[in-house]
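Here is what each chain is made of, one letter per residue.
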Amino acid sequence: MFSGAIEREPRGLTSGETVDLRDADGAFLARGAYSPSSQIRVRVWSFDEREAVDEEFFAARIERALEARRVLVRPDETTACRLINAESDGLPGLVVDRYGDVVVCQFLSAGPERWRGVIVDALSRLVGGVSTIYERSDVEVRVKEGLASRVGVLAGVEPPEFVEIVEHGLRFAVDVRAGHKTGFYLDQRASRRAAAGYAEGREVLNAFSYTGAFAAAVLAAGAVKVTNVDTSASALALGARNLALNGLAADRAENMEADVFTLLRRFRDSRRAFDMIVLDPPKFAGSRAQMDKAARGYKDINLLAFKLLRPGGMLLTFSCSGLMTPELFQKIVADAALDAGREAQIVERLGQPADHPTSLPFPEGAYLKGLVCRVR
Ligand code: SAH
């Protein structure tokens, strides 16, 4: 509930306190967590007046989320997955990811922050085989909630420098202390599998490669060579380590510490070509005000990528900006192909895997979209 929709707020409410929302006639609407400094003044825990928000409530919601993963995420698929996906699992502001026996939590808003101890206790009891529960509440959204950033062990032992996970038979070293998000782009698991399916015999450009998860996937699937591009030297170094971890020869990977926008132009000018390009940029649009600039950014890199593809080449292009609708993203990619003078078709659409569900009343939960395009 946005602050503008609230007529009257009782005095003396504290951050994260449970409040009831009522309409002008006093009828119950919902129960949620109060956040005094956020524009989103109340985040809803429950639409059921009889449902109390207490220890039992959190245990039940957490168990419901864990149960879904037991059914939806096969253990032979991965040892790392999202256990709790915030709003979409009925727990706004709470993200919990699992990396083998290490569980990583993010408390993103005032509600889960208030119930932090209760949530950690419930996770300790309900998630089996855990050595560490670690906190990565070092996210910018907490500022809007008036909350300071916080990182560290919540329960159990210090995590190792790198936690090893297995995804689709590939091993990855995950830095849960300082890696992006909670350490790994778990939301791209299905996309990496799809990329593997197109990779055989191809020369691949992996733009915005981070720790090389797409690189390992395509090389293991028979790609001839992969060129990783990222501005972060430490990400590229961890990428090299991940290839070695899987016995994938280093001479099949070229690592370039560079800005993708600049490098794609250089490749265009030097007539360098690829059979497959993965474009997995960071979020370009964090707010509506940034949408125009974001759209230009997506247009730019997709246009250049289309130019670099050999005939029959594949472009796997992604946007993780929630504000960018799938329709607009597709239009931008279509315009990019047109301006690049390439004829292309969409052969597959990609998105979040089952452990990143979208609750039907919360369509904003679907942020990741990907298109697999084949050029003529
Ligand atoms: N594809 C990765 C995730 C990419 S995250 C995976 O599956 O794991 C986005 C990455 O883009 C980050 O590693 C960041 O360092 C990098 N990055 C951001 N802006 C960039 C730019 N302009 N040029 C190159 N890399 C950039």
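Preceding this section is the structure that the text describes.
Described below are features of the structure shown in this document. Computed from a prediction, not measured in an experiment: that's the story for all the values here. (Residues numbered from 1 in each chain as written. Predicted model: local features only at pLDDT ≥ 70, side-chain atom pairs only at ≥ 80, totals over all residues. Heavy atoms only, no water.)

Take the overall build of the protein chain next. Secondary structure assignment for the protein chain yields ten helices and 17 strands. Computed over C-alpha atoms, the radius of gyration of the protein chain comes to 22 Å, within 12% of the 21 Å expected from 2.2 N^0.38 for 376 residues, which places it in the range of a compact globule. If you line up the protein chain on its principal axes, its C-alpha atoms span 65 × 45 × 35 Å. For the protein chain, buried positions account for 51% of its 376 residues. In the protein chain, 62% of the contacts between residues at least 6 apart in sequence involve partners at least 24 apart. Accessible area for the protein chain stands at about 17,200 Å²; split by element, carbon and sulfur atoms hold 52% of it. (Helix = DSSP H or I, 4+ residues; strand = E, 2+ residues; numbered from the N terminus. Rg over C-alpha atoms; globule rule 2.2 N^0.38 Å. Buried < 20%, exposed > 50% of the residue type's maximum accessible area, 1.4 Å probe, protein only. Contact = heavy atoms within 4.5 Å. Areas by Shrake-Rupley, 256 points an atom, 1.4 Å probe, with all protein chains shown as cover.)

With that settled, the discussion passes to the site of the ligand. Around the ligand, the structure places 16 residues, and the nearest of them are Tyr210, Asp230, Asp259, Val260 and Asp280. One of the side-chain N or O atoms of Arg192 is found 3.2 Å from an oxygen atom in the ligand. Within the backbone of Phe208, an N or O atom sits 3.3 Å from a nitrogen atom of the ligand. For the ligand, the accessible surface in isolation is 590 Å², of which the surrounding protein chains cover 89%. (Near = heavy atom within 4 Å. Polar contact = N/O pair within 3.5 Å; in protein donor to acceptor, adjacent residues only side chain to side chain.)

Okay, the sheet that holds strand β2 (residues 28-34) next. Picture the strands of a sheet paired through backbone hydrogen bonds; they go either parallel or antiparallel. Ordered in space as β1-β2-β3, the three strands form an open sheet in which the pairing is antiparallel. In the strand order of this sheet, the two ends are held by β1 (18-22) and β3 (42-46), each with one partner. Neighbour-to-neighbour, the strand axes of this sheet turn through a mean angle of 50°, independent of strand direction. In this sheet, β2 lies alongside β1 in antiparallel orientation, the contact comprising five bridges. Across the sheet, residue Thr18 finds its bridge partner in β2, namely Ala33. (Pairing = 2+ DSSP bridges. Axes fitted to C-alpha atoms, helices over the stretch in contact; angles between N-to-C directions.)

All right, on to empty space enclosed by the protein then. Taken as a whole and judged by the stated rule, the model has one cavity of 30 Å³ or more. Of the volumes computed, that of the largest cavity is approximately 30 Å³. Ala33, Tyr34, Ser35, Ile40, Arg43, Ser109, Ala110, Gly111 and Glu145 are the residues that line the largest cavity. Elements with a contribution of two residues or more to the lining of the largest cavity: β2 and α2 (110-114). (1 Å grid on protein atoms, 1.4 Å probe; cavity = no way out; pocket = protein on both sides within 12 Å on 5 of 7 lines; lining within 4 Å. Points joined across faces, edges and corners; volume = space filled by probe spheres on them.)

The next thing to look at is the state of the cysteines. Counted by the stated rule, this structure contains zero disulfides. A disulfide-free cysteine, Cys81 has its sulfur positioned 13 Å from the sulfur of Cys105, the nearest such atom. Exposure remark for Cys81: the relative accessible area of 7% places this residue in the buried category. (Disulfide = S-S within 2.5 Å.)

This part takes up the layout of surface pockets. Size it by volume and the second largest pocket reaches roughly 500 Å³. Contributing elements (two or more residues each) for the lining of the second largest pocket: β1 and β2. Sort the elements by how many residues they give to the lining of the second largest pocket and β1 lands first, with four residues. Taken together, the residues of the lining of the second largest pocket break down into eleven nonpolar, one polar and six charged. (Nonpolar A, V, L, I, M, F, W, Y, C, P; charged D, E, K, R; others polar.)

This next bit is on the packing of helix α5 (residues 189-198) against helix α6 (residues 213-220). Interhelical geometry of α5 versus α6 gives an angle of 35° and a closest axis separation of 8 Å. At the point where α5 passes α6, the crossing takes the right-handed sense. Between α5, through Ser191, Arg192, Ala195 and Ala196, and α6, the contact on the second element is made entirely by Ala213, Phe214, Ala217 and Val218. Counted by class, the contact of α5 with α6 contains six nonpolar, one polar and one charged residues. (Left-handed = near helix turned anticlockwise from the far one by under 90°.)

For the rest of this paragraph, the subject is the side chain of Arg342. The topology assignment puts Arg342 in the loop between α10 (326-340) and β16 (344-351). For the buried Arg342, no salt bridge exists, and the shortest N-O distance to an oppositely charged side chain is 8.9 Å, to Glu343. A distance of 2.7 Å separates the side chain of Arg342 from the backbone oxygen of Leu309, its partner in a polar contact. For Arg342, the side chain forms a polar contact with the main-chain oxygen of Arg376, separated by 3.4 Å. If sequence neighbours within four positions are ignored, Arg342 has contacts with Phe306, Lys307, Leu309, Arg310, Pro311, Ala337, Val375 and Arg376. (Lys, Arg positive; Asp, Glu negative; His and termini not counted. Salt bridge = Lys/Arg side-chain N within 4 Å of Asp/Glu carboxyl O.)

This paragraph deals with α5. Residue pairs spaced three or four apart in an α-helix point in one direction, given the helix's 3.6 residues per turn. For α5, the complete set of buried residues consists of Arg189, Ser191, Arg192, Ala194 and Ala195. Next to the buried residues of α5 lie β4 (80-85), β9 (163-167), α6, β14 (274-279), β15 (309-319) and β16.

Residue alternation in β1 divides its side chains into a buried set, Val19 and Leu21, and an unburied set, Thr18, Asp20 and Arg22. Hairpin connection of β1 to β2: five residues between the antiparallel strands, including Gly26 at a positive phi of 90°.

The first and last C-alpha atoms of helix α9 (residues 291-308) sit 26 Å apart over 18 residues, in line with the 26 Å expected at 1.5 Å per residue. Considered for burial, the residues of α9 that qualify are Met291, Ala294, Gly297, Tyr298, Ile301, Asn302, Leu303, Leu304, Ala305, Phe306 and Leu308. (Expected span 1.5 Å × (residues − 1).)

Turning our attention to the nonpolar core. Within the largest apolar cluster, 36 residues are counted, with the highest numbers of intra-cluster contacts made by Tyr99, Val176, Phe184, Val218, Met276 and Leu316. Elements with a minimum of two residues in this core: β6 (102-107), β9, β10 (170-174), α5, α6, β14 and β15. Both of domain 2 (55-163) and domain 3 (185-375) provide at least three residues apiece to this core. When residues no more than four places from it in sequence are discounted, the contact partners of Leu316 are Ser191, Ala195, Met276, Ile277, Val278, Leu279, Leu350, Leu371 and Val372. Counting 35 residues, the second largest nonpolar core, distinct from the first, contains Val229, Leu308, Ile332 and Ala337. (Core = buried A, V, L, I, M, F, W, Y, C linked by side-chain atoms within 4.5 Å. Domains from an automatic or database assignment.)

By themselves these figures say nothing about function.
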